[in-house]
Amino acid sequence: MEEWIYSIMDSFGYAGIFLLIAVENLFPPIPSEVILTLGGFMTTTTSMTVLGAIIAATAGSVAGALCLYGVGRILSAERLGEIVTRYGKVLRLKPEDIKKAEAWFARHGTWTVLLGRLVPLIRSLISIPAGSAKMNLVSFLLLTTLGSLIWNTALVYVGSILGNSWDSVLAYMDMYSNVVYAMLALGMLVFAAVFYRYRIAKKKVTRTDG
């Protein structure tokens, strides 16, 4: 896959980065980590610059996210589930992936669009529940652009620093994903515990006042 990605960026430059990242948003299993870090490395061997690569990648991220946002607005959750179930192997998606993104959005609201852009897999799919919830388009674009800019800048910059060793970052990205998922799970548990204690305390106060 690395050779295929390299050939596209080598042939088309910034347009290749834009296209690859836009497609990565539509087909999440295509790893943005590979595209971005390899793109960062290529800024040291071609005429492309780090800034140019970041801009192209961010534009591609927003374009792909807008497509999924539109899908979310047009299709019902049931219809979308049917499509993923039927064509999941082609799309390289599972119904559970969509449900996970929907659960994220339901728990954390619109800010999930920003935070979700920093989490592998969720970063692409979070656009669908945002569309389904008919989130304000301007807010969606702003949060998507900001989150994508942070993610893209970090990986392109790392790739440019590592040079020929750009692929060494991929192992760390797996660790990063696991740590993020663990932190999010812990955060939700803490929130649930605090909320539960608040409800219990509130009931006691009500009974005392009664």
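Just so you know, these numbers come straight off a predicted model, no measurement behind them.

1. What about the side chain of Thr37?
Then, in step 1: Assignment of secondary structure puts Thr37 in helix α3 (residues 32-42).
Then, in step 2: Polar side-chain contacts of Thr37 include one of 2.5 Å to the backbone oxygen of Glu33.

2. Structural notes on the environment of Glu2
Then, in step 1: Note on placement: Glu2 falls in helix α1 (residues 2-12).
Then, in step 2: Separated by 32 residues in the primary sequence, Glu2 and Val34 have C-alpha atoms spaced 7.2 Å apart.

3. Describing the nonpolar core
Then, in step 1: Ile5, Met9, Ile17 and Leu36 are the most contacted members of the largest nonpolar core, which has 20 residues in total.
Then, in step 2: Of all the secondary-structure elements, those providing two or more residues to this core are α1, α2 (14-26), α3, α4 (50-74) and α10 (137-162).
Then, in step 3: Among the elements that line this core, the one with the most residues is α3, at six residues.
Then, in step 4: For Met9, the contacting residues outside a window of four places in its chain are Gly16, Ile17, Leu20, Ile35, Leu38, Gly39 and Met42.

4. Quick notes on the confidence of the model for the protein chain
Then, in step 1: Counting all residues, the mean pLDDT for the protein chain is 76, and 59% of those residues have values of 70 or more.
Then, in step 2: For the protein chain, per-element mean pLDDT is lowest for helix α11 (residues 169-209), which scores 57, and highest for α4, which scores 92.

5. Let's talk about the side chain of Thr144
Then, in step 1: Position of Thr144 among the secondary structure elements: in helix α10.
Then, in step 2: In this structure Thr144 comes out as buried when scored by relative accessible area, which is 0%.
Then, in step 3: A polar side-chain atom of Thr144 sits 2.7 Å from the main-chain carbonyl oxygen of Phe140.
Then, in step 4: In contact with Thr144, not counting residues within four places along its chain, are Val62, Ala65, Val113 and Arg117.

6. Focus on the packing of α3 against α10
Then, in step 1: Between α3 and α10, whose axes approach to 6 Å, the crossing angle comes to 50°. Between α3 and α10, the angle falls in the class oblique. The element α3 and its partner α10 pack so that their crossing is right-handed. Of α10, the residues touching α3 (which contributes Ser32, Glu33, Leu36, Thr37, Gly40 and Phe41) are Trp151, Asn152, Leu155, Val156, Gly159 and Ser160.
Then, in step 2: A per-class count over the contact of α3 with α10 returns five nonpolar, six polar and one charged.

7. Some thoughts on α3
Then, in step 1: Among the eleven residues that make up α3, eleven are buried, leaving the element largely enclosed by the rest of the structure.
Then, in step 2: Inspection of α3 places Ser32, Glu33, Val34, Ile35, Leu36, Thr37, Leu38, Gly39, Gly40, Phe41 and Met42 among the buried residues, and these make up the whole buried set.

8. What about the packing of α4 against α10?
Then, in step 1: Axis separation between α4 and α10 bottoms out at 8 Å; the angle between their running directions is 140°. In this view, α4 runs oblique relative to α10, as classed from their interaxial angle. Read as a crossing pair, α4 and α10 show a hand that is right-handed. Where α4 approaches α10, its residues Val50, Ala53, Ile54, Ala57, Thr58, Ser61, Val62, Ala65, Leu66 and Tyr69 are matched on the opposing element by Leu137, Phe140, Leu141, Thr144, Thr145, Ser148, Leu149, Asn152, Thr153, Val156 and Ser160.
Then, in step 2: Here the contact of α4 with α10 is built from residues that sort into 13 nonpolar, eight polar and no charged.

About the criteria used
Residues numbered from 1 in each chain as written. Predicted model: local features only at pLDDT ≥ 70, side-chain atom pairs only at ≥ 80, totals over all residues. Heavy atoms only, no water. Helix = DSSP H or I, 4+ residues; strand = E, 2+ residues; numbered from the N terminus. Polar contact = N/O pair within 3.5 Å; in protein donor to acceptor, adjacent residues only side chain to side chain. Core = buried A, V, L, I, M, F, W, Y, C linked by side-chain atoms within 4.5 Å. Buried < 20%, exposed > 50% of the residue type's maximum accessible area, 1.4 Å probe, protein only. Contact = heavy atoms within 4.5 Å. pLDDT = per-residue confidence, 0-100. Axes fitted to C-alpha atoms, helices over the stretch in contact; angles between N-to-C directions. Parallel < 35°, antiparallel > 145°, perpendicular 65-115°, else oblique. Left-handed = near helix turned anticlockwise from the far one by under 90°. Nonpolar A, V, L, I, M, F, W, Y, C, P; charged D, E, K, R; others polar.

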